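# Inside the fold
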Amino acid sequence: MTSLGVVFKPQNPPERLREVVRVADSTGLEQLWLCEDCFAEGGISTAAAALAWSEQVRIGVGVLPAPLRNVAVTAMEIATLERMFPGRPMWGVGHGNQQWMGQAGGRVASPLTLLHEYLDALRGLLAGERITVGGRYARLDDVALDWPPVTAPAVVVGGFGPRTLRLAGEFADGVITGTTLNGMRQAVELTRQGRAAREHSGDFSFMVQLVAATGPDADARAEAEVRKLGHDITDGLCAVGDARAIADTIAQWAEAGADTVILEPTPDEPDPVGFFRFIAEKVRPLVR
């Protein structure tokens, strides 16, 4: 079965999160995703609150920007929440928006090198290892977590460039991407190449994030949002319309290779709480 998630957009004030979490949890939605967009809301802080306010919905952070976060601190925070709420958080890391990274003083010359080093160190720490590394960016001297997770969590990469997709396949447990529908099969193949390079045999999750909208002005809102991302509404990056239309779009992506479809409402969604309820109660039953 295709897993289904919905994003709580950081354009919404943080105080609206509680109601959204409770709706997601009570309606049986599988995944609620949070963002760490600069300079809106913190991913770890919102994840901690969402986990505390819920009982069963899985809470994802997609994604934590590696240039802004010391890898040891990220490992400490992830491990803490994994021990408090075992099995429910989902963790994504990525390059971050390069303009934002520059504004915050964290932009690096080689984002790909940083992410590679970061993933190696982060996953090692979360597995309970003692790490000493002197990389170009990741530098740790005899570091181990006092309270590592009982079971090391999966870590996924957010990205869509060919080298990032290969990196995700080689060093991560999954990928969150925003590729077009026509480019999906190639994206899956790139991650497979990465896994083959390191002879991975475990599970790998391929997640896609789509702009979603319903209601009388859904087409206009969705088109405006995908154009900001440099795409056209015909690229397949939108799930728009009534419950059946959105479910049919999800099915197309599942057929193309997506294990999880994450629906992102437009920033101007007039009723964020109602949108979560609509996806959980109307769309989810139509998705195989």
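The rules we used
- Residues numbered from 1 in each chain as written.
- Predicted model: local features only at pLDDT ≥ 70, side-chain atom pairs only at ≥ 80, totals over all residues.
- Heavy atoms only, no water.
- Helix = DSSP H or I, 4+ residues; strand = E, 2+ residues; numbered from the N terminus.
- Rg over C-alpha atoms; globule rule 2.2 N^0.38 Å.
- Contact = heavy atoms within 4.5 Å.
- Areas by Shrake-Rupley, 256 points an atom, 1.4 Å probe, with all protein chains shown as cover.
- Lys, Arg positive; Asp, Glu negative; His and termini not counted.
- Charge placed at Lys NZ, Arg CZ, Asp CG, Glu CD.
- Buried < 20%, exposed > 50% of the residue type's maximum accessible area, 1.4 Å probe, protein only.
- Pairing = 2+ DSSP bridges.
- Right-handed = clockwise from strand over helix to strand, strands pointing away.
- Axes fitted to C-alpha atoms, helices over the stretch in contact; angles between N-to-C directions.
- Parallel < 35°, antiparallel > 145°, perpendicular 65-115°, else oblique.
- Polar contact = N/O pair within 3.5 Å; in protein donor to acceptor, adjacent residues only side chain to side chain.
- Left-handed = near helix turned anticlockwise from the far one by under 90°.
- Salt bridge = Lys/Arg side-chain N within 4 Å of Asp/Glu carboxyl O.
- Core = buried A, V, L, I, M, F, W, Y, C linked by side-chain atoms within 4.5 Å.
- Arc of directions from axis to C-beta.

### Concerning the overall build of the protein chain
Each helix and strand counted, the protein chain has ten helices and eleven strands in total. Radius of gyration (C-alpha) of the protein chain: 18 Å, near the 19 Å computed for a compact globule of 288 residues. Dimensions of the protein chain, computed from the C-alpha atoms along their principal axes, are close to 55 × 40 × 40 Å. Expressed as a percentage of contacts within the protein chain between residues at least 6 apart in sequence, the contacts between residues at least 24 apart total 72%. Of the accessible surface of the protein chain, which amounts to about 13100 Å², a share of 48% is contributed by carbon and sulfur atoms. Separation of charge centres in the protein chain, based on 27 positive and 36 negative side chains, amounts to 2 Å.

### Looking at the pairing of strand S4 (residues 89-94)
With six of its six residues buried, S4 lies for the most part within the structure. Because side chains alternate across S4, one face comprises the buried residues Pro89, Trp91 and Val93, and the other comprises Met90, Gly92 and Gly94, equally buried. Pairing geometry for strand S3 (residues 58-65) and S4, over five bridges, is parallel. Directly across from Ile59, in S4, lies its bridge partner Pro89. In the classification by handedness, the crossover that spans S3, the intervening helix H3 (residues 71-84) and the parallel S4 is right-handed. Across four bridges, the pairing between S4 and strand S7 (residues 155-158) is parallel. Residue pairing across strands places Gly94 opposite Gly158, the latter belonging to S7.

### Comments concerning the packing of helix H9 (residues 243-256) against helix H10 (residues 272-283)
Axis separation between H9 and H10 bottoms out at 10 Å; the angle between their running directions is 80°. The pairing of H9 with H10 is recorded here as roughly perpendicular in orientation. Where H9 approaches H10, its residues Ala243, Ile246, Ala247 and Ile250 are matched on the opposing element by Phe278, Lys282 and Val283.

### Overview of the side chain of Arg221
Looking at where Arg221 falls in the secondary structure, it is placed in helix H8 (residues 218-228). Arg221 gets classed as buried once you look at its relative accessible area, which sits at 7%. Polar contacts involving the side chain of Arg221 include one to the side chain of Thr266, which spans 2.6 Å. Once you skip the residues sitting within four places of it in the chain, Arg221 turns out to touch Ala213, Thr214, Thr266, Asp268, Glu269 and Pro270.

### A look at the packing of helix H6 (residues 162-171) against helix H7 (residues 184-198)
Relative to each other, H6 and H7 sit at 45°, their axes nearing to 6 Å. Classed by the angle they form, the pair H6 and H7 counts as oblique. With respect to the hand of their crossing, H6 and H7 are arranged in right-handed fashion. The residues of H7 that touch H6, namely those facing Pro162, Leu165, Arg166, Gly169, Glu170 and Phe171, are Ala187, Leu190, Thr191, Gln193, Gly194, Arg195, Ala197 and Arg198.

### Description of the pattern of salt bridges
Under the definition given, this model contains 14 salt bridges. We note a salt bridge from Glu225 to Lys228, for which the minimum N-O separation is 3.5 Å. Of this pair, Glu225 and Lys228 both sit in helix H8, separated by three residues, roughly a single helical turn. Through salt bridges with shared partners, a single ionic network connects Glu36, Arg69 and Glu77.

### Concerning the nonpolar core
Across soluble globular proteins, nonpolar side chains have a tendency to be buried as a group. With 84 residues, the main nonpolar core has Leu32, Leu122, Val261, Leu263, Phe276, Ile279 and Val283 as its most contacted residues. What Ile279 contacts, discounting residues up to four positions off in sequence, is Leu4, Val6, Leu29, Leu263 and Arg284. Core analysis: the second largest hydrophobic core is formed by nine residues, Val156, Ile176, Met207 and Ile262 among them.

### Regarding the environment of Val20
With respect to the secondary-structure elements, Val20 resides in helix H1 (residues 17-26). Residue class for Val20 comes out buried when judged on its relative accessible area of 1%. The spatial distance from the C-alpha of Val20 to the C-alpha of Phe275 is 9.3 Å, given a sequence separation of 255 residues.

### Topic: the environment of Gly28
By the element assignment, Gly28 lies in the loop between H1 and strand S2 (31-34). Residue Gly28 is classed as partly exposed on the basis of its relative accessible area, which comes to 42%.

### Quick look at helix H2 (residues 43-52)
Those residues of H2 lying buried are Gly43, Ile44, Thr46, Ala47, Ala50 and Leu51. The buried side chains of H2 occupy one side of the element, clustering within an arc of 165° when seen end-on. Looking at the buried positions of H2, the neighbouring elements they touch are H1, S2, S3, H3 and S4.

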